[in-house]
Amino acid sequence: MSSSSADRFRPLLAALLGVAALTACSNITENDTTLSNYGAVTITAKNAPAGRATATINAVFFQGVAATAPNSALQQGDQCAYALIDSVTGGATGSVKVGESLALSFAGASVAMPFSTGFSRYEPATGAVLSYAPGDAATLTVPGAAGAFPAASISVKLAEPIKPGPLVMPAAGLPLDVTWNATNDATAAIILSVRYGATATSTVQNEQIYCALKDDGAFQVPASGLGALLASPSALRSVTLIRWRTQEVRPDSSSLLHIVSTIDTIVRFP
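Computed from a prediction, not measured in an experiment: that's the story for all the values here.

Cut-off values and rules
- Residues numbered from 1 in each chain as written.
- Predicted model: local features only at pLDDT ≥ 70, side-chain atom pairs only at ≥ 80, totals over all residues.
- Heavy atoms only, no water.
- Helix = DSSP H or I, 4+ residues; strand = E, 2+ residues; numbered from the N terminus.
- Buried < 20%, exposed > 50% of the residue type's maximum accessible area, 1.4 Å probe, protein only.
- Contact = heavy atoms within 4.5 Å.
- Areas by Shrake-Rupley, 256 points an atom, 1.4 Å probe, with all protein chains shown as cover.
- Salt bridge = Lys/Arg side-chain N within 4 Å of Asp/Glu carboxyl O.
- Phe/Tyr/Trp six-rings, centres within 6.5 Å; stacked < 30°, edge-to-face > 60°.
- Lys NZ or Arg CZ within 6 Å of the ring centre and 35° of its normal.
- Polar contact = N/O pair within 3.5 Å; in protein donor to acceptor, adjacent residues only side chain to side chain.
- Disulfide = S-S within 2.5 Å.
- Pairing = 2+ DSSP bridges.
- Core = buried A, V, L, I, M, F, W, Y, C linked by side-chain atoms within 4.5 Å.

Peer 1: Can you lay out the overall build of the protein chain for me, pointing to particular residues and giving the numbers?
Peer 2: Summing up its helical and strand segments, the protein chain has 3 helices and 15 strands in all. When the 270 residues of the protein chain are sorted by exposure, 46% land in the buried category. Restricting the contact set of the protein chain to residue pairs at least 6 apart, pairs at least 24 apart contribute 72%. Looking at the protein chain as shown, the accessible area adds up to about 12,200 Å², and 55% of this sits on carbon and sulfur atoms.

Listed below in structure tokens is the structure:
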């Protein structure tokens, strides 16, 4: 990849990589040294039959410096960056207990989320999943605990199932066209990850073109950025599309409760 083409993809990489959840102080932007109370709720979904989706959910609470959380409604333009693929996975870990159990309601149902000491986080009983349809919303109620986090509730419209259009590997010199079912909803945004092996001898996916996009249904990855994708072994090429939507509330001047709903799908090149 030439330095000129790489420069086109570098803006806002740090901000994009923090989009999934506000789960630790390293994922937030430090503004000053004042300690605040934070709650981070993550709803992670996959497409399911009959146009529905299934999701898992967890919530963590912690203290940290004053910060700004990721906001899907602020995604006004389309921007991309090259990034390595981080293969390390792990669950969100909290440090503060805000009651014995949280209550999640959605589509007329209610689910208890008891505190788990293993990761100091809240989550439904093992194996429980949230099944929802487009247009459904979820509300989480926090009982609160003195000195840790105030009582609060927060709601978010759940990210609608994402359906990609046909994917075709472009010839050299042509852009990569990616399409999906748009919501054209200003509160939703899209993450596009074009993954591949960085060299012709790669044996694993280790690099990506990582884009933050409006949820308008179409994007062209510029031809100038596709050199490594075209050189990659074909079995290592794929595209991941993620729809995400956030909300936040401030139950008092020193506390922030943030919720993010995401849904993703992976597409292989033919």
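Peer 1: Kindly report on the pattern of salt bridges, identifying the contributing residues and their values.
Peer 2: Overall, the coordinates contain 8 salt bridges when judged by the stated rule. The salt bridge involving R121 is made with E123; its shortest N-O contact spans 3.3 Å. Residue classification places R121 among the buried positions, given a relative accessible area of 10%. Its salt-bridge partner being R243, residue D215 comes within 2.8 Å of it at the nearest N-O pair. Of this pair, D215 sits in the loop between β12 (207-214) and β13 (218-221) while R243 sits in strand β14 (residues 238-252), and the two are 28 residues apart along the sequence. For the pair D215 and R243, a shared accessibility class is recorded, and that class is buried.

Peer 1: Tell me about the packing of aromatic side chains, and please be specific about residues and values.
Peer 2: Across all of its chains, the model carries 4 aromatic pairs by this definition. Ring centres of F61 and F149 lie 5.1 Å apart, and the angle between their planes is 70°; this geometry places the pair in the edge-to-face category. Taken together, the residues F61 in strand β2 (residues 53-65) and F149 in the loop between β8 (137-142) and β9 (152-157) connect sequence positions 88 residues apart. Take F61 and F149: they sit in the same class, and that class is buried. Within the aromatic cluster, the residues linked to one another by ring pairs are F61, F115, Y122 and F149. The ring of F119 carries the charged tip of R121 above its face, separated from the ring centre by 4.2 Å.

Peer 1: Break down the side chain of Q208 for me, with residues and values.
Peer 2: Position of Q208 relative to the elements: it lies in strand β12. Residue classification places Q208 among the buried residues on the basis of a relative accessible area of 4%. Of the polar contacts made by the side chain of Q208, one reaches the backbone oxygen of L84; its length is 3.3 Å. If we ignore the near neighbours within four places in the chain, the residues touching Q208 are A81, Y82, A83, L84, I85, S193, V194, R195 and Y196.

Peer 1: Account for the state of the cysteines, with residues named and values stated.
Peer 2: Counted under the stated rule, the structure contains 1 disulfide. One disulfide bridge connects C80 with C211, the sulfur atoms lying 2.0 Å from each other. The sign of the S-S torsion, about 110°, decides the handedness of the disulfide formed by C80 and C211: right-handed. With a gap of 131 residues between them, C80 in strand β3 (residues 79-84) and C211 in strand β12 connect regions that are remote in the sequence. Of the two residues, C80 and C211, neither departs from the other in class, the shared state being buried.

Peer 1: Report on the pairing of strand β11 (residues 188-196), specifying residues and quantitative values.
Peer 2: Counting buried residues along β11, 8 of its 9 residues qualify, which places the element largely inside the surrounding structure. As paired elements, β11 and β12 share 8 bridges and run antiparallel to each other. Among the inter-strand pairings, I191 is bridged to a residue of β12, identified as A212.

Peer 1: Just give me the short version of the nonpolar core, but keep the residues and values in it.
Peer 2: Among the nonpolar cores identified, the biggest contains 54 residues, and I43, F61, V98, L102, L176, L192 and I209 are the most heavily contacted of them. A per-element tally of this core places β2 first, with 5 residues. When sequence neighbours within four positions are dropped, the list of residues in contact with L176 reads L167, V168, P170, V194, F219, Q220, V221, L226, L229 and F269.

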